[in-house]
Amino acid sequence: MRIVLLGAPGSGKGTQAKLLIEKYGVPQISTGDLLREAVAAGTELGQQAKSVMESGGLVSDDLVLGIIEERLARPDTADGFILDGFPRTQVQAEALETLLERLGQPLDCALLIEVDFDILMQRLTGRLTCEACGQMFNRFTAPPAMEGVCDKCGGTLRHRADDNEEAIGNRLRTYETQTAPLVDFYRERGKLKRVKGIGEVSQIFGQITRALDQG
Ligand code: AMP
């Protein structure tokens, strides 16, 4: 299984990717997570990416392509992968296509999770992530039983640095201008599948697995 998850920030790509990795046993590759790790570790790459990420813009294609090429070379991707938050530009999509052709591992599909703008805003402003296990909660729609504490592992919940209104607005605009055109990119190649990302997480997951199983 080699898939790209497409969708605006807040569409549920990360949540659904976590369910997909359990079902299909392939790794989730999130460029956002890899970049946040680099920022937290204070590497040169992290230092270069930090301010752009905080403002809600896109890190340069060169940096992101370097990270992804290195990640796809790791042996755990032999049976496939779920790309979450990559590609985000036409340049990245073309580079990915070339790279996967070279590896003889073309994508099965790009799965678009569609969610209306006002719901995205609510999800993003309320989003909380466990810093220990990555489980996600939402202050408005899926609060944890105890404030600030992960239901799953007891870890501390954090609000992402770029989940403030100004950065969120920028991220949504960046998605519309830079990433939304990839829907056509994959449609033209006969690789696009779509699901509505509204409702219960498990229902959306059901729609996703049905769409993937249709081949
Ligand atoms: P995410 O966790 O996917 O929402 O990504 C958080 C931030 O990391 C984004 O707002 C961008 O600044 C940066 N980022 C993640 N993936 C990419 C990518 N494929 N291309 C450029 N910037 C990225």
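Residues numbered from 1 in each chain as written. Predicted model: local features only at pLDDT ≥ 70, side-chain atom pairs only at ≥ 80, totals over all residues. Heavy atoms only, no water.

Trainee: Describe the site of the ligand, with residues and values.
Mentor: Residues in contact with the ligand amount to 16 residues; listed here are only the nearest, Thr-31, Arg-36, Gly-57, Arg-88 and Gln-92. Interatomic distance of 2.6 Å between a backbone N/O atom of Gly-57 and an oxygen atom of the ligand. Within the contact set of the ligand, a nitrogen atom lies 3.1 Å away from a backbone nitrogen or oxygen of Val-59. Out of a free accessible area of 480 Å², the ligand has 96% covered by protein chains. Per-element accounting of the shell around the ligand gives the leading share, four residues, to helix α2 (residues 31-41). For the shell around the ligand, a count of residues per class yields six nonpolar, five polar and five charged. (Near = heavy atom within 4 Å. Polar contact = N/O pair within 3.5 Å; in protein donor to acceptor, adjacent residues only side chain to side chain. Areas by Shrake-Rupley, 256 points an atom, 1.4 Å probe, with all protein chains shown as cover. Helix = DSSP H or I, 4+ residues; strand = E, 2+ residues; numbered from the N terminus. Nonpolar A, V, L, I, M, F, W, Y, C, P; charged D, E, K, R; others polar.)

Trainee: Please set out the pattern of salt bridges residue by residue, giving values where relevant.
Mentor: The tally for this structure, following the rule as stated, stands at 13 salt bridges. The partner of Arg-102 in a salt bridge is Glu-69, and the shortest N-O contact between them spans 3.4 Å. Highlighted residues: Arg-102 in helix α5 (residues 90-102) and Glu-69 in helix α4 (residues 61-72), separated in sequence by 33 residues. Of the charged contacts in the structure, one is a salt bridge between Asp-163 and Arg-127, with a shortest N-O distance of 3.0 Å. A residue pair is termed long-range when its members are at least 10 positions apart, and Asp-163 in the loop between β7 (157-158) and α7 (165-179) and Arg-127 in strand β5 (residues 127-130) qualify at 36 residues. For the residue pair Asp-163 and Arg-127, the accessibility class agrees, reading buried in each case. (Salt bridge = Lys/Arg side-chain N within 4 Å of Asp/Glu carboxyl O. Buried < 20%, exposed > 50% of the residue type's maximum accessible area, 1.4 Å probe, protein only.)

Trainee: Quick rundown of the nonpolar core? Include the residues and the values.
Mentor: By size, the foremost hydrophobic cluster in this structure holds 50 residues, and its most contacted members are Leu-6, Leu-96 and Tyr-186. Of all the elements, α4 adds the most residues to this core, at six residues. Apart from residues lying up to four places away in sequence, Leu-6 is in contact with Lys-13, Pro-87, Ala-110, Leu-111, Leu-112, Ile-113, Thr-179, Leu-182, Val-183, Tyr-186 and Leu-192. Listed in part, the five residues of the second largest apolar core include Leu-128, Cys-130, Phe-137 and Leu-157. (Core = buried A, V, L, I, M, F, W, Y, C linked by side-chain atoms within 4.5 Å. Contact = heavy atoms within 4.5 Å.)

Trainee: Now, about the packing of α2 against helix α3 (residues 44-55): what can you tell me, with residues and values included?
Mentor: For the pair α2 and α3, interaxial distance at closest approach is 8 Å and the crossing angle is 115°. Classified by the interaxial angle, the pair formed by α2 and α3 is roughly perpendicular. Two packed elements cross with a definite hand, and for α2 against α3 that hand is left-handed. Residues Gly-32, Leu-35, Arg-36, Ala-38 and Val-39 of α2 touch α3, and the partners they reach there are Leu-45, Gly-46, Ala-49, Lys-50 and Met-53. The residue inventory of the contact of α2 with α3, partitioned by class, reads six nonpolar, two polar and two charged. (Axes fitted to C-alpha atoms, helices over the stretch in contact; angles between N-to-C directions. Parallel < 35°, antiparallel > 145°, perpendicular 65-115°, else oblique. Left-handed = near helix turned anticlockwise from the far one by under 90°.)

Trainee: Describe the side chain of Lys-193, listing the residues and the values that go with them.
Mentor: With respect to the helices and strands, Lys-193 occurs in strand β8 (residues 192-196). Notably, Lys-193 is buried but unbridged: the nearest opposite-charge side chain belongs to Asp-213, and the N-O separation is 8.9 Å. Within the structure, the side chain of Lys-193 is placed 3.1 Å from the backbone oxygen of Ala-211, a separation counted as a polar contact. (Lys, Arg positive; Asp, Glu negative; His and termini not counted.)

Trainee: Kindly report on the sheet that holds β7, identifying the contributing residues and their values.
Mentor: In spatial order, the strands read β6-β5-β7; together these three strands make up an open sheet with antiparallel pairing. Of all the strands in the sheet, just β6 (136-138) and β7 have a single pairing partner and so form its edges. The sheet contact formed by β5 and β6 spans three bridges and is antiparallel. From the neighbouring strand, Thr-129 faces β6, where its bridge partner is Met-136. (Pairing = 2+ DSSP bridges.)

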